[in-house]
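Reading the structure
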Amino acid sequence: MLQKISAFVFLLSVWIIFSGKISVDVLIVGSAASLIVTLFFSDMLFREVHQKLPWYHYLRKFALLLLFVPVFFYEAISAALSVSKHAFEKEHSFNPGIVKVKTELTDVTGLTLLANLITLTPGTLTLDYDRVEKAYYIHWIDVQTLEEAEMKKKIIARFERWIGVIFR
Amino acid sequence: MMSLRLVISYFLMFTGAFFALVTVLGLLRFPDVYTRIHAGAVVLTISGVLITLGTAIYVWEFFLSAKVVLIGIFFLFSNPMATHAIARASYSRHIALPEEYEIDAYSEYLRRDENANT
């Protein structure tokens, strides 16, 4: 029930922002549309929590999520600058390759989010996830080392700790 | 005060346009499909977000800015899925195989799957 109510409120607020004003007809049409979407697809938007935690844990997770945004953009901009540097070179000096990096996350949302963050950062690109060995296959534009710990430190350790704390 | 806001928004938009230009250069100059996808990842992550942020600061009205920022967040959600789908399909359907790579752990993984199935 909480799942459905939160999905309804989220959809209605997105509708109000996209329509640009708050008036009676916007609210009527918006709540009708959100109600239909909520009835059919509410289990796709939010998941139900399995273990109960006290409320300040969720507040802490939300604060960490907000703190993570500038960290991510700092990493993304520094990675984008190094990819741009490769674009301006006369002779290509990089060494592309596909490497396998093990991860310690187990939660499905966390795994998906980590894969998307790796893809979003310029220079690394997730190709696949191996369920058996719990490893990502990552295309890396400039393979600098083949040692496992070094590779992990360079590609995913900067996001893995944040995701591991937020989605546990 | 108002001109400071305009200066910040112009700075964000011009930085975004610069990164878009770099993306075009990278798309033309990089050697194969996967490295070109890397160049394409720059434009939506960095320059899409910078241009939407600059536009949101430029219009500076609550609903319009929120709308523009929501479009930027949608970029951030849809970009990695499209990139990942293109790269994985072009690898596993043998459309563009990177045969000259020295380090290629993914081909071993695919071969292991084929052996397990037969």
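Everything numeric here is computed off the predicted structure, so don't read it as measured data.

Below, the discussion takes up the overall build of chain B. Per the secondary structure count, chain B includes four helices and zero strands. Taken from N to C terminus, the helices and strands of chain B fall in the order α-α-α-α. Here the C-alpha atoms of chain B give a radius of gyration of 20 Å, more than 25% beyond the 13 Å that 2.2 N^0.38 yields for 118 residues. Along the first, second and third principal axes, the C-alpha atoms of chain B reach 70 × 30 × 20 Å. Looking at chain B as a whole, 38% of its 118 residues qualify as buried. A total accessible area of about 7100 Å² is found for chain B, and carbon and sulfur atoms account for 70% of it. Charge separation in chain B, taken as the distance between the mean sites of 8 positive and 9 negative side-chain charges, equals 11 Å.

All names here are of chain B. With respect to the helices, strands and loops of the structure, Ala 56 is situated in helix α2 (residues 33-59). Put simply, Ala 56 and Thr 15 are 41 residues apart on the chain and 15 Å apart in space, counted from C-alpha to C-alpha. Contacts of Ala 56, omitting those with residues within four sequence positions, involve Ser 65, Val 68 and Val 69.

What follows is about the interface of chain B and chain A. Taken together, the contacts link 37 residues of chain B with 47 residues of chain A. Buried surface at the junction of chain B and chain A, both sides included, amounts to about 3700 Å², of which 74% is carbon and sulfur. The three residues of chain B that bury the most area against chain A are His38(B), Phe63(B) and Ile103(B), which together make up 18% of that side's buried surface. Among the salt bridges present, the one from Arg88(B) reaches Asp128(A), with a minimum N-O distance of 3.1 Å.

Let us now look at the pairing of strand β2 (residues 124-130) of chain A. Here is the key point about a regular strand: its side chains alternate between the two faces of the sheet. Residue and element names in this part refer to chain A. Of all the seven residues making up β2, six are buried; the element is thus mostly covered by neighbouring parts of the structure. Note that β2 and strand β3 (residues 135-140) share six bridges and pair antiparallel. Bridge pairing links Thr 124 to Trp 140 in β3. If you look at the hairpin formed by β2 and β3, you'll find four residues sitting between the two strands, and Lys 134 has a positive phi there, around 55°.

The next thing to look at is the domain arrangement of chain A. Annotation of chain A at the domain level lists domain 1 (2-45) and domain 2 (63-166). Relative to domain 2 of chain A, the C-alpha centre of domain 1 of chain A lies at a distance of 35 Å.

Bringing the pattern of salt bridges into the picture now. All names here are of chain A. Under the defined criterion, the tally for this structure stands at three salt bridges over all chains. One salt bridge connects Glu 75 with Arg 158, and the closest N-O pair in it is separated by 3.3 Å. Highlighted residues: Glu 75 in helix α3 (residues 55-88) and Arg 158 in helix α6 (residues 157-166), separated in sequence by 83 residues. Given the relative accessible area of 17%, Glu 75 is considered buried. On the accessibility criterion, Arg 158 (24% relative accessible area) is partly exposed. In this structure, the salt-bridge partner of Glu 133 is Lys 100, at a minimum N-O distance of 2.6 Å. Taken together, the residues Glu 133 in the loop between β2 and β3 and Lys 100 in strand β1 (residues 97-102) connect sequence positions 33 residues apart. You can call Glu 133 partly exposed: its relative accessible area is 28%. On the basis of relative accessible area, Lys 100 is assigned to the partly exposed category, the value being 25%.

What counts and what doesn't
- Residues numbered from 1 in each chain as written.
- Chains lettered and ligands numbered in written order.
- Predicted model: local features only at pLDDT ≥ 70, side-chain atom pairs only at ≥ 80, totals over all residues.
- Heavy atoms only, no water.
- Helix = DSSP H or I, 4+ residues; strand = E, 2+ residues; numbered from the N terminus.
- Rg over C-alpha atoms; globule rule 2.2 N^0.38 Å.
- Buried < 20%, exposed > 50% of the residue type's maximum accessible area, 1.4 Å probe, protein only.
- Areas by Shrake-Rupley, 256 points an atom, 1.4 Å probe, with all protein chains shown as cover.
- Lys, Arg positive; Asp, Glu negative; His and termini not counted.
- Charge placed at Lys NZ, Arg CZ, Asp CG, Glu CD.
- Contact = heavy atoms within 4.5 Å.
- Buried area = accessible area lost by both parts, 1.4 Å probe.
- Salt bridge = Lys/Arg side-chain N within 4 Å of Asp/Glu carboxyl O.
- Pairing = 2+ DSSP bridges.
- Domains from an automatic or database assignment.

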